[in-house]
Amino acid sequence: SVTSLAPLEGIETAVTRRHLGGVNPGNMQTDKTWMPDQTLNLEQAIAAYTIQGAYLMHMEDKTGSIEVGKFADLVVLEENLFEIPALEIHSVNTDLTVFDGQIIYRRQ
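The text that follows walks through the structure, step by step, so that each part is easy to find. Computed from a predicted structure; not experimentally measured.

Some details on the nonpolar core
Listed in full, the 10 residues of the largest apolar core are Leu 8, Ile 11, Ala 14, Val 15, Leu 42, Ala 45, Leu 81, Ile 84, Ile 89 and Val 92. For this core, the secondary structure elements donating two or more residues are helix H1 (7–16) and helix H2 (42–49). With residues up to four places along the chain from it excluded, the contact list for Val 15 reads Thr 39, Leu 40, Asn 41, Leu 42, Ala 45 and Ala 86.

Structure, rendered in structure tokens:
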């Protein structure tokens, strides 16, 4: 596998095509981008984890984006992913998780 199932780790890996934080855990040295032609931009990577995932489940009319009439399933992150270095995405904390319109997690 290239990365874990954790969404922010997967998004970072899709954007950078590097180990998390840019450091190879095998030798703790800075690594280089592998297969740079396979990188996604941040918008594409987020879509892959949201609306495109919903499409694959044939649920894009119910989930995958924030729209009136769709399930209120979302996370609020402590940082705007578009305003931080890509190699820091994996370390962003989740402040709030809403599932079916109910808060199920709130970071203290």
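What follows continues from the structure just given.
Description of the sheet that holds strand S4 (residues 94–99)
Strand order in this open sheet of three strands is S3-S4-S5, and the pairing throughout is antiparallel. Because the sheet does not close on itself, it has two edges, and the strands there are strand S3 (74–77) and strand S5 (102–106). Neighbour-to-neighbour, the strand axes of the sheet open up by a mean angle of 20°, direction not taken into account.

What to know about H1
Of all 10 residues in H1, eight are buried, a share of seventy percent or more. Every buried residue belonging to H1 is among Leu 8, Gly 10, Ile 11, Glu 12, Thr 13, Ala 14, Val 15 and Thr 16, and all of these are buried. Against H2 and S3 lie the buried residues of H1. Just downstream of H1, Arg 17 is the residue with a positive phi angle, here 50°.

Description of the side chain of Glu 12
Within the element layout of this structure, Glu 12 appears in helix H1. Within the buried core, Glu 12 has no salt-bridge partner, and the shortest N-O distance to an opposite charge, that of Arg 18, equals 7.8 Å. A distance of 2.7 Å separates a polar atom in the side chain of Glu 12 from the backbone nitrogen of Gly 21.

About the criteria used
Residues numbered from 1 in each chain as written. Predicted model: local features only at pLDDT ≥ 70, side-chain atom pairs only at ≥ 80, totals over all residues. Heavy atoms only, no water. Core = buried A, V, L, I, M, F, W, Y, C linked by side-chain atoms within 4.5 Å. Buried < 20%, exposed > 50% of the residue type's maximum accessible area, 1.4 Å probe, protein only. Helix = DSSP H or I, 4+ residues; strand = E, 2+ residues; numbered from the N terminus. Contact = heavy atoms within 4.5 Å. Pairing = 2+ DSSP bridges. Axes fitted to C-alpha atoms, helices over the stretch in contact; angles between N-to-C directions. Lys, Arg positive; Asp, Glu negative; His and termini not counted. Salt bridge = Lys/Arg side-chain N within 4 Å of Asp/Glu carboxyl O. Polar contact = N/O pair within 3.5 Å; in protein donor to acceptor, adjacent residues only side chain to side chain.

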